[in-house]
Amino acid sequence: MLVRGIDLHLHSTASDGALTPTELVHRAREQGLQAIALTDHDTVDGLAEARRAAENCGIQLINGIELSCVWNGMTLHIVGLQIDPEAEAIRELTRLQQGNRLERAKVIADRLGKQNFGNVWEGVRQMLGPDRVPARPDFARYLVDKGYVDSIQQAFDSYLGAGKLGDVKQFWPSLEAVVKAIVESGGVAVIAHPMRYKQTTAKLRRLILEFKSYGGQAIEVAVANLDSGRIGLLTELCRQYDLYASCGSDFHMPGRPWQEIGRFPPLPAGLKPVWNLWAPQVCQG
Ligand code: AMP
Ligand code: MN
Ligand code: MN
Ligand code: MN
């Protein structure tokens, strides 16, 4: 798969990524990218460091975030691009989300503890230190490190993935709240990895209509690990609902070749690239 010049979905140590914002920017530069968005889960804390690094090595940084929300009983991720991280709406929502994440982590630890996986809360706190709120990948790592499961994938498949006991949804805000916060912060709302929610096409259409009614404008189309049929469906939905198209790897850490910075198919011809909304002169590279 070709490396593309723009990657609009990346994680750092500010959420569940393994690279610091500076290391992430340097890796993007090494991969030959011209522009990236840092989109950490429910926080903008990595953006200032990423901006300093980006200015030093001549790469364009787009301020981003990936917000968790609940819609129709499902956890969804909405990416915000080109947001103002100082805007009141985004500050308020990220404050709320960090509190939500802490409460949720305690519930997850409690539920896993009841499966006889030891003192889960103490275990993950020791692993992460007191400042980081544990996310599901951290619980997965705990289960692997303690020998309760063989792999991160098994931890998700059995205990943490969608519909499993560690998939605690009740703390997330609504789709409406997150889309509106992104729009109020001057950003563009994007449905992240739309094919990962295992929903019917009819439900995806309902999601798109509701998302648009709150001011959402784009969906991710050029993402890794999608067959041409699914990319074709997303392309069709973009055209039908007049959506802008985004692209991104969802990079979290080195050593996962299927999720490397800049590695995903090109945006299908004829779609409106989301960056046309703020930098119409940029080409995909
Ligand atoms: P959270 O934000 O705490 O709900 O955790 C969700 C994160 O877990 C996602 O952003 C991914 O980084 C990670 N994740 C979800 N499913 C899997 C999986 N099957 N294998 C590895 N990581 C996963
Ligand atoms: Mn993640
Ligand atoms: Mn996501
Ligand atoms: Mn992500």
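Residues numbered from 1 in each chain as written. Chains lettered and ligands numbered in written order. Predicted model: local features only at pLDDT ≥ 70, side-chain atom pairs only at ≥ 80, totals over all residues. Heavy atoms only, no water.

1. Details of helix 1 (residues 21–30)
Those residues of helix 1 not exposed but buried are Pro21, Leu24, Val25 and Ala28. Buried residues in helix 1, looked at end-on, bunch into an arc of 100°, giving them a common side. In this fold, the buried residues of helix 1 make contact with strand 1 (6–10), strand 2 (35–38) and helix 2 (47–57). Just downstream of helix 1, glycine 32 is the residue with a positive phi angle, here 85°. (Buried < 20%, exposed > 50% of the residue type's maximum accessible area, 1.4 Å probe, protein only. Helix = DSSP H or I, 4+ residues; strand = E, 2+ residues; numbered from the N terminus. Arc of directions from axis to C-beta. Contact = heavy atoms within 4.5 Å.)

2. A look at the sheet that holds strand 1
The strand order across the open sheet formed by eight strands is 1-2-3-4-5-6-7-8, and the pairing between neighbours is mixed. Both outer strands of the open sheet, strand 1 and strand 8 (272–273), are each paired with one neighbouring strand and no more. One ladder, built from four bridges, connects strand 4 (residues 74–81) with strand 5 (residues 188–191); its direction is antiparallel. Of the residues in strand 5, the one forming a bridge with valine 79 is valine 190. (Pairing = 2+ DSSP bridges.)

3. Re the coordination of the manganese ion (ligand 3)
Binding of the manganese ion (ligand 3) to the protein goes through Glu66 (OE), His77 (ND1) and His193 (NE2), at separations of 2.1 to 2.2 Å. Along the chain, the residues donating to the manganese ion (ligand 3) are arranged with the sequence spacing E-x10-H-x115-H. (Donors = N, O, S within 2.8 Å, 3.2 Å for Na, K, Ca; no water.)

4. What about the environment of serine 185?
Looking at the secondary structure, you find serine 185 in the loop between helix 7 (175–184) and strand 5. Counting along the chain gives 98 residues from serine 185 to alanine 87, while the straight-line C-alpha distance between them is 5.3 Å. Leaving out residues up to four positions away in the same chain, serine 185 has contacts with Ile83, Asp84, Ala87, Ala89 and Ile90. Polar side-chain contacts of serine 185 include one of 2.6 Å to the backbone oxygen of alanine 181. (Polar contact = N/O pair within 3.5 Å; in protein donor to acceptor, adjacent residues only side chain to side chain.)

5. As for the nonpolar core
Within the largest apolar cluster, 73 residues are counted, with the highest numbers of intra-cluster contacts made by Ile78, Leu81, Leu175, Val221 and Val274. The dominant element in this core, judged by the number of residues it contributes, is strand 3 (residues 60–71), at six residues. Each residue touching leucine 175, except ones within four places of it in the same chain, is listed here: Cys69, Val70, Trp71, Leu76, Ile78, Leu207, Glu210, Phe211 and Tyr214. Grouped together as the second largest cluster of nonpolar side chains are 17 residues, Ile108, Val120, Phe139 and Leu160 included. (Core = buried A, V, L, I, M, F, W, Y, C linked by side-chain atoms within 4.5 Å.)

6. Some thoughts on the side chain of asparagine 100
With respect to the helices, strands and loops of the structure, asparagine 100 is situated in helix 3 (residues 88–113). Other than its neighbours up to four places away in sequence, asparagine 100 contacts Phe171, Trp172 and Pro173.

7. With respect to the domain arrangement of the protein
Accessible area lost upon the coming together of the parts serves often as the stated size of an interface. If you check the domain split of the protein, you get domain 1 (6–86 + 174–277) and domain 2 (96–160). Once you take the C-alpha centre of each, domain 1 and domain 2 turn out to be 25 Å apart. Taken together, the eight residues of domain 1 in the interface contact five residues of domain 2. Roughly 570 Å² is buried in total at the junction of domain 1 and domain 2, and carbon and sulfur atoms are behind 37% of that figure. Aspartate 42 serves as the salt-bridge partner of arginine 101, at 2.9 Å between the closest nitrogen and oxygen. Looking at the side of domain 1 that touches domain 2, its residues break down into one nonpolar, five polar and two charged. (Domains from an automatic or database assignment. Buried area = accessible area lost by both parts, 1.4 Å probe. Salt bridge = Lys/Arg side-chain N within 4 Å of Asp/Glu carboxyl O. Nonpolar A, V, L, I, M, F, W, Y, C, P; charged D, E, K, R; others polar.)

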